[in-house]
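# Examining the three-dimensional arrangement
As a plain string of letters, each chain reads:
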Amino acid sequence: MKHTPRPGIYRVRHLASGRSLLGGSVDAPAYLNRVRFELQLGTHRTPALQRDWTQDGPDAFTFEVLDDL
């Protein structure tokens, strides 16, 4: 089965603080998977986001595609 990219605007939100990482990608769901994977590995390049993830864990976050392009 061939993957069809889904371009869009995405948001990763830390529920406790309300801080968000917003962005756009040619394949927003795949990019959100990448962000989640990097956070799990402890290698995400946004220090505040990684710190929140390490402190509060995955249940403190939402990952969503806000708009399809």
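Now for a quick tour of the structure. Just so we're clear, the structure is a prediction, and the values are computed from it rather than from any experiment. (Residues numbered from 1 in each chain as written. Predicted model: local features only at pLDDT ≥ 70, side-chain atom pairs only at ≥ 80, totals over all residues. Heavy atoms only, no water.)

### So, the nonpolar core
Residues Tyr10, Val12, Ala28, Tyr31, Leu32, Val35, Leu39, Leu49, Trp53, Ala60, Phe61 and Phe63 constitute the largest nonpolar core, which totals 12 residues. Counting residues per element, this core draws most heavily on helix α1 (residues 28-41), which supplies 5 residues. Excluding its chain neighbours within four sequence positions, the residues that come into contact with Phe61 are Val12, Arg13, His14, Leu15, Leu49, Asp52 and Trp53. (Core = buried A, V, L, I, M, F, W, Y, C linked by side-chain atoms within 4.5 Å. Buried < 20%, exposed > 50% of the residue type's maximum accessible area, 1.4 Å probe, protein only. Helix = DSSP H or I, 4+ residues; strand = E, 2+ residues; numbered from the N terminus. Contact = heavy atoms within 4.5 Å.)

### With respect to the packing of α1 against helix α2 (residues 47-56)
It is the contact of α1 with α2, at a shortest axis distance of 9 Å, that shows an interaxial angle of 65°. Classified by the angle between their axes, α1 and α2 sit roughly perpendicular to one another. For the pair α1 and α2, the crossing hand works out as right-handed. The segment α1 lies against α2, with Val35, Arg36, Glu38, Leu39 and Gln40 engaging Leu49, Gln50 and Trp53. Looking at the contact of α1 with α2 residue by residue, the classes come out as 4 nonpolar, 2 polar and 2 charged. (Axes fitted to C-alpha atoms, helices over the stretch in contact; angles between N-to-C directions. Parallel < 35°, antiparallel > 145°, perpendicular 65-115°, else oblique. Left-handed = near helix turned anticlockwise from the far one by under 90°. Nonpolar A, V, L, I, M, F, W, Y, C, P; charged D, E, K, R; others polar.)

### Focus on the sheet that holds strand β2 (residues 20-25)
Read across the sheet, 3 strands follow the order β2-β1-β3 without closing on themselves; strand pairing throughout is antiparallel. Every other strand in the sheet has two partners, leaving β2 and β3 (61-68) as the edge strands with one partner each. In this sheet, adjacent strand axes meet at a mean angle of 20° when their direction is disregarded. The strands that α1 touches are β1 (8-14), β2 and β3; relative to β3, the one it contacts most, it runs at about 160°. (Pairing = 2+ DSSP bridges.)

### Things to note about the pattern of salt bridges
All chains considered together, the criterion is met by 5 salt bridges. In this structure, Asp68 engages Arg6 in a salt bridge whose closest nitrogen and oxygen atoms are separated by 2.7 Å. Here Asp68 is found in strand β3, whereas its partner Arg6 is found in the segment before β1, with 62 residues between them in sequence. Relative accessible area serves as the criterion here: at 37%, Arg6 is assigned to the partly exposed category. Here Arg11 ties to Glu64 by a salt bridge, and the two come within 2.6 Å at their closest N and O atoms. Of this pair, Arg11 sits in strand β1 while Glu64 is found in strand β3, placing the two residues 53 residues apart along the sequence. Residues participating in the shared-partner salt-bridge network are Arg34, Glu38 and Arg45. (Salt bridge = Lys/Arg side-chain N within 4 Å of Asp/Glu carboxyl O.)

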